[in-house]
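Overview (structure and organization)
Chain by chain, the residues:
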Amino acid sequence: MDELVIANKKIKSRFFIGTGKFSSNKIVPDIIKSSEAQVITVALRRIDIHATESKDNILNYINKDCILVANTSGARNAEEAIRLAHLAKATGCGNWVKIEVISDSKYLLPDNYETLKATETLVKEGFVVLPYISPDLMDAKRLVGAGASAVMPLGAPIGTNRGLKTKELLKIIIDEIDIPVVVDAGIGKPSHAAEAMEMGADAVLANTALATAENPVLIAEAFKLAVQAGRKAFLSKPGIGKELASASSPLTGFLR
Amino acid sequence: MTFYDVVQIFKDFDYDSFFKGITDMQIEKIIAKDKLDKFDFLALLSPTAEKHIEEMAQKAHNISLKYFGKNVLIYTPMYVANYCENKCVYCGYNCTNDINRKVLSLDEVEKEAKAVHDMGFRHVILLTGESRKYSPVSYIKDCVKILNKYFSSICLEIYSLKKEEYEELVKAGADSLTMYQETYNEELYSKVHLGGPKKNYRYRLETPERACEAGVYSVGLGPLYGLYDWRQEAFLGGLHGAYIQKKFSGVDVNFSVPRIRPHAGSFNDLHEIDEKTVVQILLALKLFIPRSGTNITTRECSEMRNNLIPLGVTKMSAGVSTEVGGHTQENPGEKQFDTSDKRSLEEVREAITSKGYFPVMKDWEPMVS
Amino acid sequence: MIVNGEELNFTNNITVSELLDKLNVNEETVVVEVDLEIINKDDYKIKKLSSTSKVEIIRYVGGG
């Protein structure tokens, strides 16, 4: 059985979604339905005490058997990420947290070092930690050592929809890291998601691609199919394209 | 968890069935792959793969060029003691063998070191038999300290130690370890090691891990081919290297394919392998672990060693004497085995150069003062 | 006191519960932090605020 298990929990879908940047919360249930995603990320923000529509609660749009993952977006260092994780836990919606620590406002690239620090603390406190990182193998190994439940290396900077620009590094992480690898950020099209799954990623997360499509509900379904296709392709171990052999003098003639 | 746990997984593996199911097409696919898993590696050790040796060689050649270029490191062994408490049936040092036992005094070690240094060597292997009486760890440590003055890399090929003992030796200046498992088959292991501390299979098997934890940066592994079925030994040997590489990502892994050579004493139940098999094993290891080094000792003859160079050899010994104090002593201690390639350093360097490769005498600088 | 970065005026010793009520905020949907300390929902009715309090009222939004 090809199951995805994170922190001892069986996860039905290898397509994770973020809920940011949508035109309204109302579309979220339809997205969840057509994508069949089970792992959903949300963020924490101050309410606008003057605006009534800010009283709208996104949790009302996410059904109960989804796994809610609180994203620490907004945190610029480990301390802020830890604080956000605590706030998320206090809402009583579970203890899964995606650590996103960004102090680079130009590219929105994550700070691996602060992310590691936050992971170490939050794992000790009993959180299920999914750190979002730049694909560095040594950092990924440290995160495994710190007790992360998965690693989430980026394919390209957040929101760029540019696909797997970090492909070579992702391959290395997928090959060398034993905990689930969820490719996150940069997934702009279902074909990117299929490619990541074909390479051996355990799951893929997309957000901007859904929110910025003309038909988010339809593209969510396309992503679902792409992730399934990519996974099956990976499991079927496809044939290798052969390189043309370059003519070269024989190396084992001496054995005859 | 240690490598012992991995060996258990394959204890009852049906190698024959596996090999029967391997087709030529599968071998071609495996050779074309970028990353081989352990069963791909095992397939390359199959009878079917024998027909594909040339393609394997081309791939191994290219892999080696990518990771190692055309450098071949030259080193030489230094035997300082051959007293031994073990009864290994295949070894000249077997304590029941009546041979010329010798342990060099520290002065003699220094003389030997100077001579070897003056010959041009900078990388050496320090060898002893297993005797905590005649060549205790304190003695070995003193030897390392002396060698440290003359050589930039000291590899230990001594008896299995505890982690703390390796830490002492690393602190004194040793940086690498060679530990041949002899045989990965636990049952046979007890049959060929009739007595002495080396009889402990698991302790020996886990030695490279202890040494890596102690700070050794390079390990040399391999079974002694000839004791048992070579395909199984090569398979577990390769897995051992892969395990070390995964567990200690900063450590260099090197493989050797030592074949039983004539020696004092006798061991007659041999599974001898021929040159073609040596090549198949080396190539399969290189394709399985591209970043591994390949070490060829003087157990092989000069012609064979020359031919192996383009197949990915990264280190070779030269100017070898396996006698204790063989470079300086008038009455050296009995040799461990008969070398086949008796060429001097200059001759080996010339052979490497003539193949278009670059002989390197020094590839390491110790941080220990 | 300061609520979500804004200076606001309320009666002294107002409780968290009363504050949320005044702001028309559903207690169930938010987390409240006073002076960097997360307040347990059970304590909303008893935690009193003063003119120096720094209050953060946080909720989930789409994101991540």
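Everything discussed here concerns the structure shown above.
Predicted, not measured: the structure shown is a model, and the values here were computed from it.

A word on the overall build of chain B. When helices and strands are counted, chain B shows 15 helices and nine strands. The C-alpha atoms of chain B give a radius of gyration of 20 Å, which matches the 21 Å a tight globule of 369 residues would have. Seen through its C-alpha atoms, chain B measures out along the principal axes to roughly 60 × 45 × 35 Å. Sorting the 369 residues of chain B into buried and exposed places 50% on the buried side. Pairs at least 24 residues apart make up 78% of the contacts formed inside chain B by residues separated by at least 6 positions.

Contacts between the two partners involve 19 residues from chain C, matched on the other side by 27 residues from chain A. Contributions of two or more residues to the side of chain C that touches chain A are made by β3 (30-34) and β5 (54-62) of chain C. With seven residues, the single largest contributor to the side of chain C that touches chain A is β5(C). Among the residues forming the side of chain C that touches chain A, the class breakdown is ten nonpolar, six polar and three charged.

Moving on, we come to the environment of A:L137. Residue and element names in this part refer to chain A. Tracing the backbone through its elements, the reader meets L137 in helix α4 (residues 137-146). Residue L137 is classed as partly exposed on the basis of its C-beta count, with 15 C-beta atoms lying within 10 Å. Each C-alpha atom of the pair L137 and I173 lies 5.7 Å from the other, and the pair is 36 residues apart in sequence.

A few words on the interface of chain B and chain A. Across the contact, 15 residues belong to chain B and ten residues belong to chain A. Those elements that place two or more of their residues in the side of chain B that touches chain A are α3 (24-32), α5 (53-68) and α13 (275-288) of chain B. Here the side of chain B that touches chain A gets five residues from one element, more than from any other, and that element is α5(B).

What follows is about α5(B). Residues and elements named next belong to chain B. In this model, α5 (16 residues) spans 21 Å end to end at C-alpha, consistent with the 22 Å of a helix rising 1.5 Å per residue. Taken as a whole, α5 has its buried residues at I53, M56, A57, Q58, K59, A60, S64 and F68. Those residues of α5 hidden inside the fold are in contact with α3, α4 (38-44), β1 (71-81) and α13. Downstream of α5 by one or two residues, G69 has phi in the positive range, about 60 degrees.

Geometrically, a packed helix pair is captured by the angle between its two axes and the distance between the axes. All names here are of chain B. Packing of helix α6 (residues 106-119) against helix α7 (residues 137-150) leaves a shortest axis separation of 9 Å and a crossing angle of 30 degrees. The pairing of α6 with α7 is recorded here as roughly parallel in orientation. Pair α6 / α7 crosses with right-handed handedness. On α7, the residues that touch L106, V109, E110, A113, K114 and H117 of α6 are D142, C143, I146, L147 and Y150. Considered class by class, the residues forming the contact of α6 with α7 number seven nonpolar, one polar and three charged.

Here the focus is the nonpolar core. Counting 110 residues, the largest nonpolar core has B:V80, B:V124, B:L126, B:V219, B:L283 and B:A284 as its most contacted members. At nine residues, the largest contribution of residues to this core is made by α13(B). Leave out the neighbours within four places in its chain, and B:V124 touches B:Y75, B:T76, B:M78, B:V116, B:L147, B:F151 and B:I154. Counting residues in each nonpolar core, the second largest holds 91 residues, with A:A37, A:V227, C:V3 and C:L49 among its members.

Turning our attention to the pairing of strand β6 (residues 96-99) of chain A. All names here are of chain A. Of the two faces of β6, both are covered, the one formed by W96 and K98 as well as the one formed by V97 and I99. Pairing of strand β5 (residues 67-71) with β6 involves two bridges; the strand directions are parallel. If you follow N71 over to β6, its bridge partner there is K98. A crossover connection joins β5 to the parallel β6 through helix α2 (residues 78-90); in handedness this β-α-β unit is right-handed. Across four bridges, the pairing between β6 and strand β7 (residues 128-133) is parallel. Across the sheet, I99 pairs through a bridge with P131, a residue of β7. Handedness of the crossover joining β6 and β7 through helix α3 (residues 112-124): right-handed.

Here the focus is the pairing of β1(B). All names here are of chain B. Summarising burial for β1: ten of the eleven residues are buried, a large majority. Note that β1 and strand β9 (residues 358-360) share three bridges and pair parallel. Considered in β9, the bridge of N71 is made with F358. Pairing between β1 and strand β8 (residues 315-317): three bridges, direction parallel. Directly across from L73, in β8, lies its bridge partner K315.

Let us now look at the arrangement of the chains. Among the two pairs of chains that make contact, the interface with the largest number of contacts is formed by chains A and C. In this structure chain B stays clear of chain C, and the shortest span between their C-alpha atoms is 33 Å.

A few words now on unusual backbone geometry. Residues and elements named next belong to chain A. Even without being a glycine, N8 presents a positive backbone phi close to 65 degrees. Mapped onto the secondary structure, N8 falls in the loop between β1 (4-6) and β2 (9-11). Of note in this structure, A185 is not a glycine but carries a positive phi near 80 degrees. Residue placement: A185 occurs in the loop between β9 (182-184) and α6 (190-199).

Before going further, it helps to examine helix α15 (residues 345-354) of chain B. Residue and element names in this part refer to chain B. Taken together, the buried positions of α15 are V348, R349, A351 and I352. Projected down its long axis, α15 carries its buried residues within an arc of 160 degrees, all on one side. Of the residues in α15, the exposed ones pointing more than 90 degrees away from the buried face are T353 and S354. One or two residues past the end of α15 sits G356, with phi positive at roughly 85 degrees.

Residue and element names in this part refer to chain A. Close contact between helix α1 (residues 28-35) and helix α8 (residues 216-235) brings their axes to 7 Å; oriented N to C, the two are set at 25 degrees. If you check the angle between α1 and α8, you find them roughly parallel. In the crossing of α1 with α8, the sense of the turn from one axis to the other is right-handed. Residues D30, I31, S34 and S35 of α1 form the contact with α8, whose participating residues are P216, V217, A220, E221, F223 and K224.

Calculation notes
Residues numbered from 1 in each chain as written. Chains lettered and ligands numbered in written order. Predicted model: local features only at pLDDT ≥ 70, side-chain atom pairs only at ≥ 80, totals over all residues. Helix = DSSP H or I, 4+ residues; strand = E, 2+ residues; numbered from the N terminus. Rg over C-alpha atoms; globule rule 2.2 N^0.38 Å. Buried ≥ 20, exposed ≤ 12 C-beta atoms within 10 Å, placed from the backbone. Contact = placed C-beta atoms within 7 Å. Nonpolar A, V, L, I, M, F, W, Y, C, P; charged D, E, K, R; others polar. Expected span 1.5 Å × (residues − 1). Axes fitted to C-alpha atoms, helices over the stretch in contact; angles between N-to-C directions. Parallel < 35°, antiparallel > 145°, perpendicular 65-115°, else oblique. Left-handed = near helix turned anticlockwise from the far one by under 90°. Core = buried A, V, L, I, M, F, W, Y, C linked by C-beta atoms within 7 Å. Pairing = 2+ DSSP bridges. Right-handed = clockwise from strand over helix to strand, strands pointing away. Arc of directions from axis to C-beta.

These figures capture arrangement, not role.
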